[in-house]
Number of protein chains: 2
Amino acid sequence: MPANDRVLLISADCHAGPLPDTIRGYVAPKYREVFDAWLADQAGMLARRAEHTGEAIYGDEAMADFEVEKAVGQGGMDGAWDSKRRLTEIEQDGIVAEVIFPGGTFQTISPFGSGLMTYQYAQDEAIWWEGCRSYNRWLADFCNEVKGRRAGVGLITIDDIPRAVAEVEWLRANGVFGGIVLPVDTNGHPFYNHPRYEPLWSVCEALEMPIHTHSGWTPNYGRHDGSLGIFLYEISWFAHRPFHFLIWSGVFERHPRLKFVMTEQGSSWVVGALQTLDSQYALPMFRHLRRKLPRKPSEYYHQNAFIGAAFMDDTAATQRYEIGVDKLMWGSDYPHIEGTWPHTAAKLEQAFAGVPRAEAAQMLGGNAARVYGFDVEALSALAARIGPMQEKLGR
Amino acid sequence: MPANDRVLLISADCHAGPLPDTIRGYVAPKYREVFDAWLADQAGMLARRAEHTGEAIYGDEAMADFEVEKAVGQGGMDGAWDSKRRLTEIEQDGIVAEVIFPGGTFQTISPFGSGLMTYQYAQDEAIWWEGCRSYNRWLADFCNEVKGRRAGVGLITIDDIPRAVAEVEWLRANGVFGGIVLPVDTNGHPFYNHPRYEPLWSVCEALEMPIHTHSGWTPNYGRHDGSLGIFLYEISWFAHRPFHFLIWSGVFERHPRLKFVMTEQGSSWVVGALQTLDSQYALPMFRHLRRKLPRKPSEYYHQNAFIGAAFMDDTAATQRYEIGVDKLMWGSDYPHIEGTWPHTAAKLEQAFAGVPRAEAAQMLGGNAARVYGFDVEALSALAARIGPMQEKLGR
């Protein structure tokens, strides 16, 4: 913790992505031609995206409404790829360390579409895989530029589990990764209660690599009325859908030290979900199931789960005791403009107004330090200089 | 309302289904051979069902745990098809009228698998359709045996919308139907924000036929660990998934008198869902969407939606003001033994302990009478004789 009256602030949800010219150098030579063709097909990419969400998320009318031009006019989102600029802006926002997910901006590219929307459309699995690999290689370098302050969340596909396991080992050996993103769709393979995934759970537990789901993927809706609203509402459900598959199939029973982090999908669903799961667990017809699964779903939640970047609405603060003060990890969503950047201090004041300071400190940095292994002592001096004033946060 | 101190009790969620020999007579002659082959393939039916839920719901170990044999020993579930027995048992339970959904018991048959699990597996659409039609013809006769006290909920498929519209007209003309079940899956067709469904919404609004979703369908899970738990958890989400498609695509804006009833899928999700939908509706990026959709999602909920058989857990009673005292309709789930039958009076005492009596009366019968057009005056004499004692219900 900082020595003075400032808070050690870690964002458990930021986004970064490379520029097209940059990522090209990270794509394996044998895939460069495919990459160039893919990149040249801008119209095709936009069409696939629109087919998926129904409307381009930052496009057309929505884009004007989003006043994104204004944001770009004010400095834009170049911090998504510009390491130096990013560092300045993050520090201006009071943040000493960050967890980095993929996530597009206008200028950056998601190689072959891989990232939070992996498996969004049909494409050779080798292409999806190369998209993940090239992104991971780029992210390793990006995180290494500010070692100890950037924890990258690596990408995998799940078509070939031994290959995914090897990638987790590569990410861990690299030293700057804070876990992996689990694809929310399984590309036609069985969903996550199937035993085929067991080696993946094992390696993530053994190597202390948290498994994340992050909102982004949904089924395709086509361009019909209201699709954007439906997309935005459903990304949360589909992002935490794997969670109850892991509970019921005993993954958390077999892997008590596995960390499962659900990021940017709200937290208003948590309390109701645990109540329902626990009451179904107690049903007479589940007696045979309870023999295999000795503990209630909520106990596995408290043992294995964490909630990232859940302060978009009020429920995280008001329901913190039920969700768990030790579970919630704040995130700024930088450089996305729907997050708190560049007004984090003011927005934190508002969000944490009713929260005791010690609890706020946990949710603003303590929990993330523990989950991702950030060195709190090493970060304290910086936090004492740039962190938000403690007296303004909580009571 | 009953003249004396008893409550007029209507169950908004009961189930009925025909015996195999009975339904055979309702299957159109040209489909009888197909029906016989389908019926003979008991092993295939069970296998398809197990593939769907992961484990047979009432089967194997789960069945022993369910102590269903005991229930059968006590009198069984013959009321699913035995009209006279059903009437006696319903009245013993204090109920004067009921809304009837499909739903299997051991002896009864769901023709060609149609019902709450329509589209569960691949099958010619003409076969699904004949399954719905034959069930509807049987249900019409079944309801007509006790006219004014049984509102059947008819089945449709959505492969051919003009055909579905004609079926809604047939059901309405028949006089004993209280609406239709909307399939929770769309058999490969676009989901419910697509304009192709517009004639269906129109006819249901014009003919005052409430549209229902009822828990039952989920994606296939295969027979892996925990599938039964996953199935039971997810049937609720998939059952009310069409609801936000209808909100966002403006169906409720265009059809203010359409009634949309979500039955046997709990109610713990309602408050959180409306909060999330309303806060997303207010996002700056939705300005263009608000031009088409002048009101908040929660306003469409209060205008169009109803919640059936939501008293399986405590949230319906404790959150009744947020969910809406005018929205909640109790149901016994007869003859399923996970419902309140045959101990309805005792269970109601418990569930409504903290609820003012006038509100309890609304949720126990008043709302259902309004939604389904039951003649309260005509039912009052019976209610005054068999209804649960008012002094024991609520405060």
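In what follows, the structure referred to is the one given above.
Computed from a prediction, not measured in an experiment: that's the story for all the values here.

S.K.: Explain the nonpolar core here, please?
M.R.: The nonpolar side chains of soluble globular proteins are, as a tendency, buried together. If you look at the biggest cluster of nonpolar residues, it comprises 249 residues, and the most contacted ones within it are Leu200 and Trp201 of chain A together with Leu200 and Trp201 of chain B. For Leu200 of chain B, the residues in contact, after removing those within four places along its chain, are Ile156, Ile158, Ile161, Ala164, Val165, Val168, Ile180 and Leu182 of chain B.

S.K.: Can you walk me through the relation of the copies chain B and chain A in this structure?
M.R.: For the pair of chain copies, the relating transformation is a rotation about an axis with a translation along it. In the superposition of chain B on chain A (RMSD 0.0 Å, axial shift 0.0 Å), the rotation amounts to 180°. Look at the turn and shift together and you get a two-fold axis relating the two.

S.K.: What am I meant to see in the packing of helix α8 (residues 161-174) of chain B against helix α9 (residues 198-206) of chain B here?
M.R.: Any two packed helices are characterised by how steeply their axes cross, that is the angle between the axes, and by the distance between the axes. Residue and element names in this part refer to chain B. Orientation of α8 relative to α9, taken along the N-to-C sense of each, is 10°, at an axis distance of 9 Å. Judged by the inter-axis angle, α8 sits roughly parallel to α9. Each of Ile161, Ala164, Val165, Val168 and Glu169 in α8 lies in contact with α9, whose residues at this interface are Pro199, Leu200, Val203 and Cys204. Here the contact of α8 with α9 is built from residues that sort into 8 nonpolar, no polar and 1 charged.

S.K.: Where do I start with the sheet that holds strand β8 (residues 328-329) of chain B in this structure?
M.R.: Across a sheet, strands are paired by hydrogen bonds formed along the backbone, either parallel or antiparallel in direction. Residues and elements named next belong to chain B. Reading across the sheet, the 8 strands line up as β1-β2-β3-β4-β5-β6-β7-β8 and stay open at both edges, with parallel pairing between neighbours. Of all the strands in the sheet, the pair left with one neighbour each is β1 (10-15) and β8. Sheet topology places strand β6 (residues 260-263) next to strand β7 (residues 305-308); 4 bridges connect them, and they run parallel. Paired with Met262 across the bridge in β7 is Ile307.

S.K.: What am I meant to see in the interface of chain B and chain A here?
M.R.: Reports of interface size often rely on the accessible area that becomes lost once the parts have come together. Residue-level contacts link 47 residues of chain B with 47 residues of chain A. Between chain B and chain A lies a buried interface of about 4,200 Å² when both sides are counted; carbon and sulfur atoms form 59% of it. Linking chain B to chain A there are 4 salt bridges. The salt bridge involving Asp225 of chain A is made with Lys292 of chain B; its shortest N-O contact spans 3.9 Å. Remark: the boundary between chain B and chain A carries 14 residue pairs in polar contact (both at pLDDT 80 or more).

S.K.: Can you help me understand unusual backbone geometry in this one?
M.R.: Of all residues except glycine, most have a negative phi; of all peptide bonds, most are trans. A cis amide bond, omega 0°, links Tyr334 of chain A with the succeeding residue Pro335 of chain A. Take Pro335 of chain A: it is sitting in the loop between β8 (328-329) and α17 (344-351). A positive phi angle, near 55°, is found at Asn187 of chain A, a position not held by glycine. Position of Asn187 of chain A relative to the elements: it lies in the loop between β4 (177-181) and α9 (198-206). The exposure class of Asn187 of chain A is partly exposed, given its relative accessible area of 29%. You will see that Glu264 of chain B, though not glycine, has its phi angle at about 50°, which is positive. Inspection of the secondary structure puts Glu264 of chain B in the loop between β6 and α12 (270-281). Judged by its relative accessible area of 17%, Glu264 of chain B is buried.

Analysis parameters
Sequence order as written defines the numbering, with residues in each chain counted from 1. Here chains are named by letter from A upward and ligands by number from 1 upward, in the order in which they appear as written. Only residues with pLDDT of at least 70 are given local features in this predicted model, and only at 80 or more are side-chain atom pairs given and counted; all residues enter the totals for whole chains, interfaces and linings. For the side-chain quantities, the full set of heavy atoms in the structure was used; hydrogens and water were omitted. Here, nonpolar core means buried Ala, Val, Leu, Ile, Met, Phe, Trp, Tyr and Cys residues that are tied together by side-chain atoms lying within 4.5 Å of each other. Burial here depends on accessible area, computed with a 1.4 Å probe over protein chains only, as a share of the maximum for the residue type. Under 20% is buried, over 50% is exposed, and the range in between is partly exposed. Throughout, a contact is declared for two residues whenever any of their heavy atoms are within 4.5 Å. We superpose the copies by least squares over the C-alpha atoms of residues that have a pLDDT of at least 70 in both of them. Lines fitted to C-alpha atoms define the axes, with helix axes restricted to the stretch in contact, and inter-axis angles between N-to-C directions lie between 0 and 180 degrees. Each helix is a run of DSSP H or I of at least 4 residues and each strand a run of E of at least 2, with the numbering of both proceeding from the N terminus. Oblique is the label for every angle not falling under 35 degrees (roughly parallel), over 145 degrees (roughly antiparallel), or within 65 to 115 degrees (roughly perpendicular). Gly counts as polar in this scheme, as do all residues outside two lists: the nonpolar Ala, Val, Leu, Ile, Met, Phe, Trp, Tyr, Cys and Pro, and the charged Asp, Glu, Lys and Arg. When DSSP locates at least two bridges between a pair of strands, those strands are taken to pair. What counts as buried area is the accessible surface, traced by a 1.4 Å probe, that two parts surrender upon association, with contributions from both included. By convention in these notes, a salt bridge is any Lys or Arg side-chain nitrogen within 4 Å of a carboxyl oxygen on Asp or Glu. Identification of polar contacts relies on pairs of N or O atoms within 3.5 Å, with a donor-acceptor requirement for protein atoms, meaning one able to donate a hydrogen and the other able to accept it, and with residues adjacent in sequence counted only if both atoms are side-chain atoms.

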